[in-house]
Amino acid sequence: MRAYWYDNQEGDQRLTHDSGREVPEPYLASLGVLYYHCPDVSTVDQIAKDRHYKNRDEITVSPGAMGEIYEDKVKSFFHEHLHEDEEIRYIRDGAGYFDVRSKDDAWVRIRLVKDDLIVLPAGIYHRFTTDENNYIKAVRLFQDEPKWTPLNRGPDTDVNIHRKSYLQTTA
Ligand code: KMT
Ligand code: NI
């Protein structure tokens, strides 16, 4: 895992967009974003148990796995959105970026590779992309029935109760 401020430059979303300014892990934690290095799946099982997760699945995001819908999928993952539930992703292979909004509404880019696990709190605005290698395999964990419908950012999500509760946790 490496976190840094997004450079806001034009260019493909899969480029590094690295401003060179690091974001320390405690700042991520202040946004409610938690990071764990999990070389062993038993650590993941423990985190899932502690946080009352009941379900998981595995997804491969790549042209090989998705075929012609890959480019559309990658674009849709990159739409800024929130969820009404926490989101956990555990990377098994390849690499990708989760961008999360800071308190001042700037983008923090989080690069994740194999054995990285991230917890994104309910209500945080975020987006995802693969990197230039166009390949990531990840386990998606969810607390209950999959309630991870992405709610794209707009006037409705700004007043969503999960958004409001989230903002209270970062105030
Ligand atoms: C997400 O939350 O955008 C995804 O699940 C993308 C694939 S998982 C790396
Ligand atoms: Ni999401």
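All values reported here derive from a predicted model rather than from experimental measurement.

How each quantity is defined
- Residues numbered from 1 in each chain as written.
- Chains lettered and ligands numbered in written order.
- Predicted model: local features only at pLDDT ≥ 70, side-chain atom pairs only at ≥ 80, totals over all residues.
- Heavy atoms only, no water.
- Near = heavy atom within 4 Å.
- Polar contact = N/O pair within 3.5 Å; in protein donor to acceptor, adjacent residues only side chain to side chain.
- Helix = DSSP H or I, 4+ residues; strand = E, 2+ residues; numbered from the N terminus.
- Nonpolar A, V, L, I, M, F, W, Y, C, P; charged D, E, K, R; others polar.
- Salt bridge = Lys/Arg side-chain N within 4 Å of Asp/Glu carboxyl O.
- Buried < 20%, exposed > 50% of the residue type's maximum accessible area, 1.4 Å probe, protein only.
- Donors = N, O, S within 2.8 Å, 3.2 Å for Na, K, Ca; no water.
- Tetrahedral: all angles 85-135°; square planar, octahedral: opposite > 155°, others 65-115°.

Caption draft 1: Up close: the site of ligand 1. Taken together, the residues surrounding ligand 1 are Ile-59, Val-61, Phe-77, Glu-87, Arg-89, Phe-98, Phe-128, Ala-138 and Arg-140. Glu-87 places a side-chain nitrogen or oxygen 2.7 Å from an oxygen atom of ligand 1. One of the side-chain nitrogen or oxygen atoms of Arg-89 is found 3.0 Å away from an oxygen atom of ligand 1. Counting only elements with at least two residues in the shell around ligand 1, the list comes to β4 (55–61), β6 (87–101) and β10 (136–142). The element that contributes the greatest number of residues to the shell around ligand 1 is β6, accounting for three residues. Here the residues of the shell around ligand 1 are counted per class, giving six nonpolar, no polar and three charged.

Caption draft 2: Spatial organisation of the pattern of salt bridges. Counting across every chain of the model gives 17 salt bridges. Taking the shortest distance from any N to any O, the salt bridge between Arg-2 and Glu-22 comes out at 2.8 Å. Residue Arg-2 is located in strand β1 (residues 2–6), and its partner Glu-22 is located in strand β2 (residues 18–22); the two are separated by 20 residues in the primary sequence. Overall, Arg-2 belongs to the partly exposed group, its relative accessible area being 29%.

Caption draft 3: Representation of the coordination of the nickel ion (ligand 2) within the structure. Surrounding the nickel ion (ligand 2) are the protein donor atoms His-81 (NE2), His-83 (NE2), Glu-87 (OE) and His-126 (NE2), which sit 2.0 to 2.5 Å from the metal. Bound by four donor atoms, the nickel ion (ligand 2) shows angles of 65 to 159° at the metal and therefore irregular coordination geometry. Sequence positions of the donors to the nickel ion (ligand 2) reduce to the motif H-x1-H-x3-E-x38-H. Placement of Glu-87 in strand β6 and of His-126 in strand β9 (residues 126–130) is noted, with a sequence separation of 39 residues between them. Since its relative accessible area comes to 5%, Glu-87 is described here as buried. We classify His-126 as buried; its relative accessible area is 2%.

Spatial relationships are all this shows, so hold off on functional conclusions.
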